[in-house]
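# Coordinate analysis (summary)
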Amino acid sequence: MNATLNTFAIRIIKEQELVIGPLAWSEARKVPGLQVIDEKKGEVNLQDDDPKGIIDKLVAQYERIFGKASHAVCHDAVQDLLASMSPDQVPSSLK
Amino acid sequence: MADTNQNTPIDPGEYKKVTEAMYKQNLELARLYKEVDSLNHQRESLMHLINHKVKGAFTHSKYIFAGLLDGTFGEVSPEVKKFAEQGLESDNMGIATINLFLNAANMQKGLIKYDMKKIDFQDLVIKSLEEKKVGAESKGLALESNIKDGNYMVTGDKIWLKEVLNNLLENAIKYSVKGKIEVNLENKDNKILLSVKDTGIGITEEDKKKLFTEGGRGKDSVKVNIDSTGYGLYTVKLIIEAHKGRVWAESEGPGKGSTFFMELDAI
């Protein structure tokens, strides 16, 4: 489960990177519980206690600055993965 | 006195609006980038298919036709021989067209390594003229040349510059039904200027814009040259640009012939 949410975080950051460039990584670094291990390799780590909450915070971090359009970008980045997850596994911001 | 913008505090609401608008613009650019990237991938796989499958098929049948002609498969009737000759010619043309297309794509990607050496451009021009003379005369076209005395040494790749000359001369021959082709070579202020003037179909103003672009055929070009690919002059442009030169065309209009110019720095 954590691995899937890790993929969520990476996909979201990389998709945002396409739009806003390196700023996507600096904003991701500000999210509590999300640790950027290697920006170039695209490696992050989510703290174990509440990975779904971290994804919600990441989505909110972008939305707070860039508005609703950025929320849609986060959703699009993981859309194919959402289809194979049970609703309780999906972070509320992406439902 | 009006306040300057520099001293006006930015309203947070306005700031957010601008940031969001910029994000949307960037998002549109990112979408376009993805589309281009996807088209590039499609193109790559198409090139792979052309190189390996289509060219392979042409090469395979080429050797069958060649085998029929050189007796590999035993004695064949004159009728079969005639068909084999036609098939071989058609395959050679197909392979040449594919090579032209692949070369242009490789040049675009910077995969062509130019062997830049000090060479005499005049020698290349003379050699190309000799080679194309028969083709021009078989169409009833005179191939005239005027090479002025001067220094024609350039830094360039012999093979690719020859490709440029072949292309310009072949075009002049293909697109001229009657008349003559005049080739002029001169050194003007240390710039080597070659011009190839024909009495062919000419170029419209509209066609001039796409003449040296990828796949950019003239509107009526296929009426005269059914094998026109739109990659010949594009390749010429890429090669000349790699030699830091210039290539352009002039024409007084349809039916009034064309003159193609290329310019290189003399050394």
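Above this text is the structure in question.
So, a few notes on the structure that sits alongside this text. Everything numeric here is computed off the predicted structure, so don't read it as measured data.

Ranked by internal contacts, the top residues of the largest apolar core, which has 39 residues, are F121(B), V164(B), L168(B), I181(B) and V196(B). Every element with two or more residues in this core is listed here: α2 (78-108), α3 (121-138), α4 (158-174), β4 (180-188), β5 (191-197), α7 (232-242) and β7 (259-265) of chain B. Considering each element in turn, this core owes the most residues, 8 residues, to α4(B). Beyond its immediate chain neighbours, meaning those up to four positions away, I181(B) contacts A136(B), L141(B), L143(B), A172(B), I173(B), S176(B), V196(B), K197(B) and D198(B). In terms of nonpolar packing, the next biggest core, distinct from the first, is built from 25 residues, L5(A), I13(A), V73(A) and Y23(B) among them.

Residues and elements named next belong to chain B. Between α4 and α7, whose axes approach to 9 Å, the crossing angle comes to 145°. Crossing angle aside, the handedness with which α4 passes α7 is left-handed. Across the interface between the two elements, W160, E163, V164, N167, L168 and N171 from α4 touch G232, T235, V236, I239 and I240 from α7. Of the residues belonging to the contact of α4 with α7, the class tally is 6 nonpolar, 4 polar and 1 charged.

Residue and element names in this part refer to chain B. Here α3 is 18 residues long and its end C-alpha atoms lie 26 Å apart, about the 26 Å a rise of 1.5 Å per residue gives. Residue K132 marks the point of greatest curvature in α3, where the axis turns by about 40°. If you check which residues of α3 are buried, you get F121, Q122, L124, V125, S128, K132 and A136.

Further remarks concern the sheet that holds β4(B). All names here are of chain B. Judged by pairing direction, the sheet is mixed, and its 5 strands sit side by side in the order β2-β4-β5-β7-β6 without closing on themselves. The strands lining the two open edges of the sheet, one partner per strand, are β2 (142-147) and β6 (246-250). Between one strand axis and the next, the sheet turns through 15° on average, direction left out of account. Pairing between β2 and β4: 6 bridges, direction parallel. When the sheet's bridge partners are listed, E144 is paired in β4 with E182.

Thresholds applied
- Residues numbered from 1 in each chain as written.
- Chains lettered and ligands numbered in written order.
- Predicted model: local features only at pLDDT ≥ 70, side-chain atom pairs only at ≥ 80, totals over all residues.
- Core = buried A, V, L, I, M, F, W, Y, C linked by C-beta atoms within 7 Å.
- Buried ≥ 20, exposed ≤ 12 C-beta atoms within 10 Å, placed from the backbone.
- Helix = DSSP H or I, 4+ residues; strand = E, 2+ residues; numbered from the N terminus.
- Contact = placed C-beta atoms within 7 Å.
- Axes fitted to C-alpha atoms, helices over the stretch in contact; angles between N-to-C directions.
- Left-handed = near helix turned anticlockwise from the far one by under 90°.
- Nonpolar A, V, L, I, M, F, W, Y, C, P; charged D, E, K, R; others polar.
- Expected span 1.5 Å × (residues − 1).
- Bend = angle between axes of the 7 residues up to and from the residue.
- Pairing = 2+ DSSP bridges.

Without other data, these values stay purely geometric and don't point to any function.
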